[in-house]
Amino acid sequence: MCAKNSLLNRSRLMVSARSFCVLAMLVALGGCRPASEPVETPAPTVTTVLLPSCCTAPEQGDGRFPDPATSHVEDSGKVIETVVAKIPPPRKAPEGMVWIPGGKFSMGTDYGPFGDARPIHTVELSGYYMDAHAVTNAEFAKFVKATHYVTVAERPLNPRDFPGVDKSMLVPGAIVFTPPTQEVPLNDAGNWWRYVPGANWKNPEGPGSDLKGRENHPVVQVAWDDAVAYAKWAGKRLPTEAEFEFAARGGATQKPFVWGDTFCEDGKLMANTFQGHFPDKNTKDDGYERTSPVDAFPPNGFGLYDMAGNVWNWCSDWYRNDYYKNSPAKNPQGPKDSFDPEEPGVMKRVQRGGSFLCTDQFCSRYMPGGRGKGAPDTGSSHIGFRCVIGG
Ligand SMILES: [Ca+2]
């Protein structure tokens, strides 16, 4: 999607929203109002259109996502045992990359809340090299130094693309996780996301923040367009959604976590997620309130780090909630267009892996079948990426 269209998408959202609360719910939760319901022109606010849309609150029970050990949807699709191809790497792996030999696996999950990850279906993949970890701040800095690339969050906003919006509000910036000081309803992501003028990859939390001590953390505040630009410069590409899931599963079959069957392994937290009470009290049992070094947690069965937690990873595919019904069996590239019933009319790309904000109280999509999605022009403080090279 070109930047112009992306901005037009933003603009359309801005004039179709009713209020911060409603739009925040539309973006973060979806389905809060029928698409055909007429809406009033709001008091415009940049903040509302830039909320990320990766997570959906649970709809049942005590407000927590159900235990993956007990939440299984019947007739979710045929499951086969994962077959990791015995294909040796065609050449020495590029520095920092891991050979994923491809094979066959069951893509999707029977885990209850993940309705868009069904039916489970067999996918066959060719081999590829994947970055062992997400692109770091230090690596992204090299790219920017070499190319003088300006990320989406740093670019001026054109008033023509935002009719009716006060020019003073059109300030480059990005959305930042800003935890409230008290318990808040989980049905309004506006309670913990804030648009911060001046926030970008170099200043992830806005002016006054920097990357000192975070050189080995994943870069964040990068839009899909930024990730694609980096990949092209590096001679790589973004992974397809299928490549990411196959890699995340690490050769295992339908395990709920990329490391195995239980959230903790021998009492050890295996990924950077959110502990405590979301979003107001982060007990940081895993040691990190926000991003962590890319090698802080153990790698999975393929030797890949942070395939769950830390930051979401942009994938190349457009997002459609119903894609698994029609996905090609071999090397699927994603649908030709995008549709998210939670937010019709907004084109989105797939994100995978979950982030440091994932918790069973709000977002369990760090589990390998979980799908995330977001507008290509919208990064945030918990979205990064990694790259692949075809075999
Ligand atoms: Ca954490």
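Residues numbered from 1 in each chain as written. Predicted model: local features only at pLDDT ≥ 70, side-chain atom pairs only at ≥ 80, totals over all residues.

Student: I'd love a proper account of the overall build of the protein chain, names of residues and values included.
Tutor: Regarding its fold elements, the protein chain presents 6 helices and 16 strands. Among the 391 residues that make up the protein chain, the fraction classed as buried is 49%. (Helix = DSSP H or I, 4+ residues; strand = E, 2+ residues; numbered from the N terminus. Buried ≥ 20, exposed ≤ 12 C-beta atoms within 10 Å, placed from the backbone.)

Student: Talk me through helix α5 (residues 224–234); I want residue IDs and the actual numbers.
Tutor: For α5, the complete set of buried residues consists of Trp224, Asp225, Asp226, Ala227, Tyr230 and Ala231. Residue Gly235 follows α5 closely and has a positive phi angle near 75°.

Student: Outline the pairing of strand β4 (residues 121–125), listing residues and values.
Tutor: Residues His121, Val123 and Leu125 of β4 are buried on one face, while the alternating residues Thr122 and Glu124, pointing to the opposite face, are not. Sheet topology note: the strand β3 (residues 103–107)/β4 ladder contains 5 bridges and is antiparallel. Across the sheet, the residue bridging to Phe105 is Val123, located in β4. (Pairing = 2+ DSSP bridges.)

Student: Describe in detail the environment of Ala247, supporting the description with residues and values.
Tutor: Following the sequence through the fold, Ala247 ends up in helix α6 (residues 241–249). Residues Ala247 and Ile100, 147 residues apart in the sequence, show an inter-C-alpha distance of 6.9 Å. Sequence-distant contacts of Ala247, defined by excluding residues within four places in its chain, comprise Ile100, Met130, Phe302, Leu304 and Met307. (Contact = placed C-beta atoms within 7 Å.)

Student: Explain the sheet that holds strand β16 (residues 388–390) to me, using residue names and the numbers behind them.
Tutor: With respect to topology, 3 strands assemble into an open sheet ordered β2-β5-β16, the strand pairing being antiparallel. Every interior strand has two partners, whereas the edge strands, β2 (97–100) and β16, have only one. Strand-to-strand, the axes of this sheet are offset by a mean angle of 20°, without reference to chain direction. Both β2 and strand β5 (residues 128–131) contribute to a ladder of 4 bridges, which runs antiparallel. Across the sheet, residue Trp99 finds its bridge partner in β5, namely Tyr129. (Axes fitted to C-alpha atoms, helices over the stretch in contact; angles between N-to-C directions.)

Student: Which residues make up the pairing of β5, and what values do they have?
Tutor: With burial as the criterion, each face of β5 is covered, one bearing Tyr128 and Met130 and the other bearing Tyr129 and Asp131. In this structure, β5 lies alongside β16, joined through 3 bridges in antiparallel fashion. Looking at β16, one finds that Met130 is bridged to Val388.

Student: Report on the sheet that holds β4, specifying residues and quantitative values.
Tutor: In spatial order, the strands read β1-β3-β4; together these 3 strands make up an open sheet with antiparallel pairing. Of all the strands in the sheet, the pair left with one neighbour each is β1 (83–84) and β4.

Student: So what about α6? Which residues, and what values?
Tutor: The periodicity of an α-helix, 3.6 residues per turn, causes residues three or four positions apart to be oriented the same way. The element α6 is largely enclosed, with a buried count of 9 among its 9 residues. Within the span of α6, buried status applies to Glu241, Ala242, Glu243, Phe244, Glu245, Phe246, Ala247, Ala248 and Arg249. Just past α6, the residue Gly250 takes up positive phi, approximately 60°.

Student: Can you explain the nonpolar core? Please cite residues and give values.
Tutor: Ranked by size, the top nonpolar core spans 79 residues in total, and within it Val98, Ile100, Met130, Val222, Ala227 and Ala247 carry the most contacts. Top contributing element to this core by residue count: α6, with 5 residues. (Core = buried A, V, L, I, M, F, W, Y, C linked by C-beta atoms within 7 Å.)

Student: Just give me the short version of the environment of Cys387, but keep the residues and values in it.
Tutor: Inspection of the secondary structure assignment puts Cys387 in the loop between β15 (383–384) and β16. Distance from Cys387 to Met130, taken between C-alpha atoms, is 6.0 Å for residues 257 residues apart in sequence. Contacts of Cys387, omitting those with residues within four sequence positions, involve Asp131, Val135, Ala231, Ala234, Lys236, Arg237 and Leu238.

Student: Break down unusual backbone geometry for me, citing the residues and quoting the values.
Tutor: Residue Pro119 is reached from Arg118 by a cis peptide bond, and omega for that bond is 0°. Along the chain, Pro119 turns up in the loop between β3 and β4. In this model, Phe278 is joined to Pro279 through a cis peptide bond whose omega is -5°. The residue Pro279 is located in the loop between β10 (276–277) and β11 (281–282) in this model. Non-glycine residue Gln221 carries a positive phi angle of around 60°. With respect to the helices and strands, the residue Gln221 is situated in the loop between β7 (193–197) and α5. Since 28 C-beta atoms lie within 10 Å of it, Gln221 is described here as buried.

Student: So what's going on with the confidence of the model for the protein chain? Residues and values would help.
Tutor: Looking at the protein chain, pLDDT values average 85 and 83% of them are 70 or higher. Contacts for the low-pLDDT stretch residues 1–51, under 50 throughout, to residues beyond four places or in other chains number 91 contacts. (pLDDT = per-residue confidence, 0-100.)

Student: A description of the environment of Met307 should follow, citing residues and the corresponding values.
Tutor: Tracing the backbone through its elements, the reader meets Met307 in the loop between β11 and β12 (312–318). Spatially, the C-alpha atoms of Met307 and Ala132 are 9.2 Å apart, while their sequence positions differ by 175 residues. Met307 has contacts with Ala247, Ala248, Val258, Asn300 and Gly353, leaving out every residue within four places of it along the chain.

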